[in-house]
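Per-entry structural report
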Amino acid sequence: MDIIISKEERIGSAATERENSDEMGRDRDLLSRFMSSSADLEFRDREAERKFLRDIIISFVLAGKDSTSTALTWFFWLIAAHPSCEREILKEISSAPASTTSEVKIFSYDELKSLHYLHAAVTESMRLFPPVPINSRLTVDEDVLPDGTRVGKRWFADYSAYAMGRSEKVWGPDCREFKPERWMGDGDGDGDGDHQNVRFRPSDQWKYPVFHSGPRMCLGKEMAYVQMKSVAAAVMAESEVLPAVDGGESARRMADPPYTLSWLLKMRGGLPDL
Ligand code: HEM
C-alpha cells in the first residue's frame, strides 16, 4: 500500500496532464502498467482502487515468482545431464543477435522469441517437472465428463499435469525422456522434414496443462517464458552447466528425482551449487 501511495503522489505531483502521462510512461514496472490500464475503471473510492491494485500485484508476484524459479531449477538439473541439448542451446544463443554489454549478453523480447530450441527445452523440462503438478476444482453442481465419468455436486475434481506429462498414452513410449526435439517441427508445418527452418511447434493446450487450460489459464504464461528464457540464456552464455551437479543423467535418478511436494514441485534442498 505504501508503494502504491507513493507512486500516486509522484504521479499527482506532475502538474499538467501531459507531465502526468510522461510520468506514467517513464515507469515501466508492473504497478505503473496496471495503474495506467485501470485508470478508466470506476471504483467506490480511492481506498477500493488501491486495494484492487494491491491484490493484482500480490497475485502476480505470488503466481509468478516461485513458479518460474522452480521451473528453472529443474531445467538446469536436466541440462546438466544432457550435454547435447546444452550444446544445441549454446549454438542457438551464440548465433542470436543479442546486444552485449561488457559483462553480459542481453536478449531483447524479439531476440528471445527467435530462440526456438531454448523455448522447446524449457517447455520439455516443464512437461516432466511441471511447477504446478496437481490442480483442483470444486464442482458447483453434478456433471458428467466427456468420457462418461460422473462428478457429484461439491466434489473435488483434480487433474495432474505431472501424471499427464509422464503418460505413455499422451506422449508415447519415450515419455520419460527429456527430448526438446519433440517440440521442434519444420517451419511451414507440412511435415516434409524440411529442417531449414526448424522452429518450436506448440502442442494442444489440453495435452499440456502446465499453465492450466481454457478461460482460467495462466495470465502470466508469456511473461514466464520471457523471464525463464532470458535467465537461462544469460546464465548459459556465461557459465557451463556442469554434470557434477546431481543431474538426471541416469535412469535411476530420473525415476527418483529429489522432489519435495508443496503447492509447487520443488527440488529437495535446491539445486546443488559447486
Ligand atoms: C513457469 C511459470 C508458471 C506456471 C507453470 C504457471 C502456472 C499456472 C497455473 C497452472 C495456473 C492456474 C491456477 C488455477 O486456476 O488453479 C496459473 C494461473 C495464473 N498465473 Fe501462472 N504460472 C506461471 C507463471 C506466472 C507468471 C510469471 C505470472 C505473472 C507475471 C503468472 C500469473 C498468473 C495469474 C494472474 C493466474 C490466475 C489466472 C486466473 O485465475 O484467471 N503466472 N498459472
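Keep in mind that this is a model prediction, so the values were computed, not measured.

Describing the site of the ligand
In the region of the ligand, 21 residues are neighbours, and F60, N135, R137, R216 and C218 sit closest. Between N135 and the ligand, the recorded distance is 2.9 Å, taken from a side-chain N or O atom to an oxygen atom. A distance of 2.8 Å separates an oxygen atom of the ligand from a polar atom in the side chain of R137. Of all the secondary-structure elements, those providing two or more residues to the shell around the ligand are α4 (46-81), β3 (134-138) and α10 (221-238). Tallying contributions element by element places α4 first for the shell around the ligand, with 5 residues. Considered class by class, the residues forming the shell around the ligand number 13 nonpolar, 6 polar and 2 charged.

Some points on the coordination of the iron atom of the ligand
No other protein atom reaches the iron atom of the ligand as a donor apart from C218 (SG), found 2.3 Å away. Looking at the element boundaries, C218 is found in the loop between β8 (199-200) and α10.

Some words on the packing of helix α3 (residues 30-37) against α4
Interaxial distance between α3 and α4 falls to 10 Å at its minimum, and their mutual angle equals 140°. With respect to α4, the axis of α3 lies oblique. Judged by the twist between their axes, the crossing of α3 over α4 is right-handed. Packed against α3, whose contacting residues are L30, L31, F34 and M35, the element α4 presents L53, I56, I57 and F60 at the interface. Here the contact of α3 with α4 is composed, by residue class, of 8 nonpolar, no polar and no charged.

Conventions and cut-offs
- Residues numbered from 1 in each chain as written.
- Predicted model: local features only at pLDDT ≥ 70, side-chain atom pairs only at ≥ 80, totals over all residues.
- Heavy atoms only, no water.
- Near = heavy atom within 4 Å.
- Polar contact = N/O pair within 3.5 Å; in protein donor to acceptor, adjacent residues only side chain to side chain.
- Helix = DSSP H or I, 4+ residues; strand = E, 2+ residues; numbered from the N terminus.
- Nonpolar A, V, L, I, M, F, W, Y, C, P; charged D, E, K, R; others polar.
- Donors = N, O, S within 2.8 Å, 3.2 Å for Na, K, Ca; no water.
- Axes fitted to C-alpha atoms, helices over the stretch in contact; angles between N-to-C directions.
- Parallel < 35°, antiparallel > 145°, perpendicular 65-115°, else oblique.
- Left-handed = near helix turned anticlockwise from the far one by under 90°.
- Contact = heavy atoms within 4.5 Å.

By themselves, these figures tell us nothing about what the structure is for.
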